[in-house]
Amino acid sequence: MRGTWVRAGVLVAVLLGAAVLALTADLPDVAAVRAWTDGAGGPGLLVLAAGVGVALVGPVPRTALSVLLGVVLGFGTGLAVALAGGLLGGLVAFALSRALGRDAVVRLAGRRLATADRVLAERGFAAVLAGRLLPVVPFSVLSHAAGLSTVPPGPYAAATALGLLPSTVLQVGAGASVPGLTEWAARAGSPLRIGLLLAAVVGAAVLLWWRRRPAGEPGEDPQRPPDTAAWAPGQVR
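Residues numbered from 1 in each chain as written. Predicted model: local features only at pLDDT ≥ 70, side-chain atom pairs only at ≥ 80, totals over all residues. Heavy atoms only, no water.

1. A look at the confidence of the model for the chain
Point 1. Model confidence for the chain is summarised by a mean pLDDT of 78, while 70% of its residues fall at 70 or above.
Point 2. By mean pLDDT, helix α9 (residues 181-188) is the weakest element of the chain at 53, and helix α4 (residues 75-100) is the strongest at 94. (pLDDT = per-residue confidence, 0-100. Helix = DSSP H or I, 4+ residues; strand = E, 2+ residues; numbered from the N terminus.)

2. Notes on the nonpolar core
Looking at soluble globular proteins, one finds that nonpolar side chains tend to be buried together.
Point 1. Ranked by size, the top nonpolar core spans 17 residues in total, and within it Leu69, Leu73 and Val81 carry the most contacts.
Point 2. Elements with a contribution of two residues or more to this core: α2 (30-55), α3 (62-73), α4 and α8 (153-177).
Point 3. Counting residues per element, this core draws most heavily on α3, which supplies five residues.
Point 4. For Leu73, the contacting residues outside a window of four places in its chain are Thr37, Leu45, Leu48, Gly78 and Val81. (Core = buried A, V, L, I, M, F, W, Y, C linked by side-chain atoms within 4.5 Å. Buried < 20%, exposed > 50% of the residue type's maximum accessible area, 1.4 Å probe, protein only. Contact = heavy atoms within 4.5 Å.)

3. Brief notes about the packing of α4 against α8
Point 1. Taken N-terminus to C-terminus, the directions of α4 and α8 make an angle of 145 degrees; their axes are 8 Å apart at the nearest point. Two packed elements cross with a definite hand, and for α4 against α8 that hand is right-handed. Between α4 and α8, the contacting residues are Phe75, Gly78, Leu79, Ala82, Leu83, Gly86, Leu87, Gly90, Leu91, Phe94 and Arg98 on the first element and Pro153, Tyr156, Ala157, Thr160, Ala161, Leu164, Leu165, Thr168, Val169, Val172, Gly173 and Ala176 on the second.
Point 2. Its residues assigned to classes, the contact of α4 with α8 shows 16 nonpolar, six polar and one charged. (Axes fitted to C-alpha atoms, helices over the stretch in contact; angles between N-to-C directions. Left-handed = near helix turned anticlockwise from the far one by under 90°. Nonpolar A, V, L, I, M, F, W, Y, C, P; charged D, E, K, R; others polar.)

4. Examining helix α7 (residues 139-148)
Point 1. Most of α7 is tucked away, with seven of its 10 residues classed as buried.
Point 2. Among all positions in α7, only Phe139, Ser140, Leu142, Ser143, His144, Ala146 and Gly147 are buried.

5. Brief notes about the packing of helix α6 (residues 114-133) against α8
Point 1. Contact geometry of α6 with α8 gives a least axis separation of 8 Å together with a crossing angle of 25 degrees. Judged by the inter-axis angle, α6 sits roughly parallel to α8. Helix-helix and strand crossings are classified by hand; for α6 and α8 the assignment is right-handed. On α8, the residues that touch Phe125, Val128, Leu129, Arg132 and Leu133 of α6 are Pro155, Tyr156, Ala158, Ala159, Thr160, Leu162, Gly163, Leu164 and Pro166.
Point 2. Counted by class, the contact of α6 with α8 contains 11 nonpolar, two polar and one charged residues. (Parallel < 35°, antiparallel > 145°, perpendicular 65-115°, else oblique.)

6. Here's the deal with the packing of aromatic side chains
Point 1. Applying the stated criterion to the full structure yields one aromatic pair.
Point 2. Between Phe94 and Tyr156 the ring centres are 4.3 Å apart and the planes differ by 20 degrees, which places this aromatic pair in the stacked class. Of this pair, Phe94 sits in helix α4 while Tyr156 sits in helix α8, and the two are 62 residues apart along the sequence. Across this residue pair, the class does not change: Phe94 and Tyr156 are buried. (Phe/Tyr/Trp six-rings, centres within 6.5 Å; stacked < 30°, edge-to-face > 60°.)

7. Concerning the environment of Ala121
Point 1. Summarising the element assignment, Ala121 is placed in helix α6.
Point 2. Ala121 gets classed as partly exposed once you look at its relative accessible area, which sits at 40%.
Point 3. As for Ala121 and Val151, which are separated by 30 residues in sequence, their C-alpha atoms are 5.0 Å apart.
Point 4. The contacts of Ala121, once residues within four sequence positions are left out, are Thr150 and Pro152.

8. Quick look at the side chain of Arg132
Point 1. With respect to the secondary-structure elements, Arg132 resides in helix α6.
Point 2. Put simply, Arg132 is tucked away with no salt bridge, and the nearest opposite charge, on Asp117, sits 17 Å away.
Point 3. Every residue in contact with Arg132, bar those within four places of it in the chain, is listed here: Gly90, Phe139, Leu142, Ser143, Tyr156, Ala159, Thr160, Gly163 and Leu164. (Lys, Arg positive; Asp, Glu negative; His and termini not counted. Salt bridge = Lys/Arg side-chain N within 4 Å of Asp/Glu carboxyl O.)

Right, here's the structure in full:
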């Protein structure tokens, strides 16, 4: 039993350390990152993808990193690095929580966890895929939560790889395609600050579209013309 709580303590320490590092690390500016990747070539891209994966084990917004990769690397290369780093980060977070925290969760929750465990063991792929496609839960939170549950590793990895694709295409594309963004970013300083700002812009645009979309009454057929028949008192409608 003691080993269970020691492993859980190690997991908490790792997550706290990642949070502190994400909040306090002094990151290079965009121009420096671009110059380094241009000089390092393929191995440099592998290192960058690994760095993204490590960052995503902690509470670093994946949207910000993906947009930033579009700014620095362009669409094609940025998409490849963002997908590889996202999948790596999701797998590492899942493995850490499964190895270090699962036993502690079972001891704390006991039988109350049985129903959820049974459902996730059978339908883990669908649950993870929905969480990735509809990113209401932060990326790292979902990764660790899946590791603490009974979602099988294979379906988790497949759902993460598939679920990352649509949002990553949009995020990297936003960073790579906005006119003048590359030149502005090179003068703006911290990559994380730039990524967070761009992520906020993308989020605001999506929210604005959502609020302005045509809305109908639930169950209403949009092809059906409105009922304009006159209604007389006493008539049952």
